[in-house]
Structures are given as C-alpha cells and as structure tokens.
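Topology and contacts: notes
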Amino acid sequence: TSSDDDTPERLGYITLSGIPEGAVLKDGSGNILTPNADGNIVIQLNDTGDLIDDGTPTVSMSSAEFEGITLTPPADDATNISFEMSVTEYEVDSTGAIAQ
C-alpha cells in the first residue's frame, strides 16, 4: 500500500543513442526511425497517457510499435552492434506536475 506522502512516478521520452552508421531501425509497423541532429532517436509513446513532456521527440508511436522495433545491421558488416536506451523517471505531485 502507498502512504500519504508517496507520490506517483511518470516516465519521460525514450532515447536511443549510439546507433551505428548504416544500421536501420524500424518500428513494429515497418516505419524507418530517423535520428535527430544529435544522432539520437527520441520516442514518445502515444498510448500511455502519463508521459512527462521532457524534450522534443523525433517520433511518436504506440507501445506495440515500440516493442516491435527491429534493427538491420549495415550491409556486409559482421561486427557486434550495441547502442544505448535511456528514459528518465519523474516523481510527480497529485496534479501530475514534476515534484520539486
């Protein structure tokens, strides 16, 4: 159970970074995900309702499209691929504003 001073949490946008040059990411509907000028893909999930607007997303998608993301490596490249995924969690007050 939660106490009277327990505040809920909300997530911000999801960021994918460090995607190798030439790799192609597609969401679960087959749409190609294009990085922003910083080389990141910033994802807004449009079916959760409780995300904190913490930047400018490069793409908006459903949770199912996010869960279905695929990565195709660059042609003729057999090296291991790694990239990062991050999301920020925020404590919010009873109105949904970020707690100070």
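Now for a quick tour of the structure. (Residues numbered from 1 in each chain as written. Predicted model: local features only at pLDDT ≥ 70, side-chain atom pairs only at ≥ 80, totals over all residues. Heavy atoms only, no water.)

**Focus on the side chain of S62**
Here is the rule: Each helix is a run of H or I in the DSSP string that is no shorter than four residues. Each strand is a run of E no shorter than two, and both are numbered from the N terminus. A simple rule labels every residue: compare its accessible area, found with a 1.4 Å probe on the protein chains alone, to the largest value its type can have, and call it buried under 20%, exposed over 50%, or partly exposed in between. Note on contacts: a residue pair qualifies if any of its non-hydrogen atoms lie within 4.5 Å across the two residues.
Position of S62 relative to the elements: it lies in the loop between β4 (59-61) and α1 (63-67). Owing to a relative accessible area of 17%, S62 belongs among the buried residues under this scheme. Once residues lying within four places of it in the same chain are set aside, the contact partners of S62 are L45, N46 and D47.

**What to know about the side chain of D27**
So the rule is basically this: Neither His nor the chain termini are counted; the positive set is Lys and Arg, and the negative set is Asp and Glu. Salt bridge, as applied in this entry: a Lys or Arg side-chain nitrogen positioned within 4 Å of an Asp or Glu carboxyl oxygen. Whenever two N or O atoms come within 3.5 Å, that pair is a polar contact, provided that in protein one can donate a hydrogen and the other can accept it, and provided that, for residues adjacent in sequence, both atoms are side-chain atoms.
Topologically, D27 is positioned in the loop between β2 (24-26) and β3 (41-45). Put simply, D27 is tucked away with no salt bridge, and the nearest opposite charge, on K26, sits 9.0 Å away. Polar contacts involving the side chain of D27 include one to the main-chain amide nitrogen of S29, which spans 2.8 Å.

**A few points about the sheet that holds strand β6 (residues 84-91)**
Test applied: Any two strands are treated as partners once DSSP identifies two or more bridges connecting them. To get an axis, a line is fitted to the C-alpha atoms, and for a helix only the part in contact is used. The angle between two axes follows their N-to-C directions and goes from 0 to 180 degrees.
Strand order in this open sheet of four strands is β4-β3-β1-β6, and the pairing throughout is mixed. Looking at the sheet topology across the chains shown, the edges are occupied by β4 and β6. Each strand of the sheet is rotated relative to its neighbour by a mean of 30°, with strand direction disregarded. Sheet topology note: the strand β1 (residues 9-17)/β6 ladder contains seven bridges and is antiparallel. Its bridge partner being in β6, L16 is matched across the sheet by M85.

**What about the environment of T88?**
Tracing the chain through its elements places T88 in strand β6. A relative accessible area of 38% places T88 in the partly exposed class. Sequence separation between T88 and T15 is 73 residues, and the spatial gap between their C-alpha atoms is 9.3 Å.

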